[in-house]
Amino acid sequence: MTVNSKANESASLPVDPFFYVIMNSSVKAQQSNDKDPTQVDPGAPYFFNAGYDVNSSESYYGIQAATDVYDLSLKKNQHSGTMISIIRVKDETPSNINAVHVGWHVYPRLYGDSHAHFFVRWTSDDYKNGCYNLECPGYVPEDGVSIVPGIAINSVSEPGGTKHIVVFKIFKDGIGDWLLHCGFDSEPYLIGRFPASLFTTMTDKADEVKLNGYTVTPRTHLAPMGSGYLSESANAASFSNIQLIDQDGQTSRVQQNLPAVVTYPAIYSVSPISADGKFTYGGTTP
């Protein structure tokens, strides 16, 4: 497991999906209702996602979920992965957006390969500041841990074969730090934190949680999402054991009746959430 030195190129990358999807919400909404979004420049990188926005409460203090992980054969102008997002959109003022994102992604332009990498991303001012992984001061790894942001994930799943999972658990402690626990095919353990000092509005709570697969890809050559299989396939990628964490550290299953968010339903899809807190997602494999 290694961290690729090309991670420091990310400051010059042309498309950051987290920044893009927030700053272009009107385009996203238009595309959500258009099964063939011909208005979009087919050669431009574009953000597509499939998953759930967990907005059934006004306050969030943490979440835990497992996701199976895949290597993907991508071109340099493509980017695909999964992410769990914890966000504070105070008063819906863009400059106040604080957020933490964790997950795995395949990002050839960032790492120079098509392997899955563990990543983190944060911001305290609507993506004007903040960064991926360890490219700027912010996320603080625990001493001696082997799982650090940017690391390649060596054990990956094969569609129809053995599944390898990453378990993420992130929650706010009593002083306002957001603690990240992670496990590769294992129970999660503390690997680092996003200190309270990074944030302006998210030291007490968050008000949005999102779980989704995503791609950043030109429409001329769509990137696979998840395992590459649609959600109804037995080979589809999944989020599982999704649990919300309250202010006292108690867990509860995520609601089953949440509306799905799919930005290109002709190509990518997502299943309903099951009683045990699982959904499948993905697409592009014939």
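Residues numbered from 1 in each chain as written. Predicted model: local features only at pLDDT ≥ 70, side-chain atom pairs only at ≥ 80, totals over all residues. Heavy atoms only, no water.

In this section: the overall build of the protein. When helices and strands are counted, the protein shows three helices and 15 strands. Looking at the protein as a whole, 55% of its 286 residues are labelled buried. In the protein, the proportion of contacts linking residues at least 24 apart, taken out of those at least 6 apart, comes to 70%. Surface exposure of the protein reaches about 11900 Å², of which carbon and sulfur atoms provide 49%. (Helix = DSSP H or I, 4+ residues; strand = E, 2+ residues; numbered from the N terminus. Buried < 20%, exposed > 50% of the residue type's maximum accessible area, 1.4 Å probe, protein only. Contact = heavy atoms within 4.5 Å. Areas by Shrake-Rupley, 256 points an atom, 1.4 Å probe, with all protein chains shown as cover.)

Okay, the side chain of D177 next. Mapping D177 onto the fold places it in the loop between β7 (165–172) and β8 (178–184). For D177, a relative accessible area of 9% corresponds to the buried category. Within the local environment of D177, its side chain forms a polar contact with the backbone nitrogen of A196, the two atoms lying 2.7 Å apart. If sequence neighbours within four positions are ignored, D177 has contacts with F171, K172, R193, F194, P195 and A196. (Polar contact = N/O pair within 3.5 Å; in protein donor to acceptor, adjacent residues only side chain to side chain.)

This paragraph deals with the pattern of salt bridges. Taken as a whole, this structure holds seven salt bridges when the rule is applied. In this structure, the salt-bridge partner of D68 is K163, at a minimum N-O distance of 3.9 Å. Taken together, the positions of D68 in strand β2 (residues 62–68) and K163 in the loop between β6 (140–141) and β7 put the pair 95 residues apart, joining distant regions of the chain. When the shortest N-O distance is used, the salt bridge between R88 and D204 registers 2.7 Å. Pair noted here: R88 is in strand β3 (residues 79–88) and D204 is in the loop between β9 (189–194) and β10 (208–217), with a separation of 116 residues, a long-range link. Residue D204 is classed as partly exposed on the basis of its relative accessible area, which comes to 40%. (Salt bridge = Lys/Arg side-chain N within 4 Å of Asp/Glu carboxyl O.)

Enumeration according to the criterion identifies one disulfide in this entry. Paired through a disulfide, C131 and C136 show a sulfur-sulfur distance of 2.1 Å. The sign of the -90° torsion about the S-S bond sets the C131-C136 disulfide as left-handed. Under the relative-accessibility criterion, C131 is labelled buried at 2%. (Disulfide = S-S within 2.5 Å.)

Attention now goes to the confidence of the model for the protein. Across the protein, the average pLDDT comes to 85, with 82% of residues at 70 or higher. Per-element confidence in the protein is highest for β9, whose mean pLDDT is 98, and lowest for helix α2 (residues 25–32), whose mean pLDDT is 35. Low pLDDT, under 50, characterises residues 1–15; the stretch is placed with 32 contacts to residues that sit more than four places away or in other chains. (pLDDT = per-residue confidence, 0-100.)

Bringing the sheet that holds strand β5 (residues 117–123) into the picture now. Pairing is antiparallel in the open sheet, where six strands are placed in the order β5-β4-β3-β10-β1-β13. Strands at the two margins of the open sheet, each flanked by one partner only, are β5 and β13 (260–262). Geometrically, the sheet is characterised by an average inter-axis angle of 15° between neighbouring strands, direction not taken into account. Bridge count between β3 and strand β4 (residues 98–106): nine bridges; the pairing is antiparallel. Within the sheet, the bridge partner assigned to I86 lies in β4 and is V100. (Pairing = 2+ DSSP bridges. Axes fitted to C-alpha atoms, helices over the stretch in contact; angles between N-to-C directions.)

Attention now goes to the side chain of N133. Along the polypeptide, N133 turns up in the loop between β5 and β6. The class for N133 is buried, based on a relative accessible area of 4%. A polar contact of 3.0 Å, which involves the side chain of N133, links it to the side chain of Y111. For N133, the contacting residues outside a window of four places in its chain are Y111, F118, F119, V120, Y139, P149 and G150.

Our next topic: the pairing of strand β1 (residues 46–54). With nine of its nine residues buried, β1 lies for the most part within the structure. Bridge analysis of β1 against β10 gives nine bridges, and the strand direction is antiparallel. By the bridge assignment, F48 is partnered in β10 with T215. Across three bridges, the pairing between β1 and β13 is antiparallel. Of the residues in β13, the one forming a bridge with A50 is V262.

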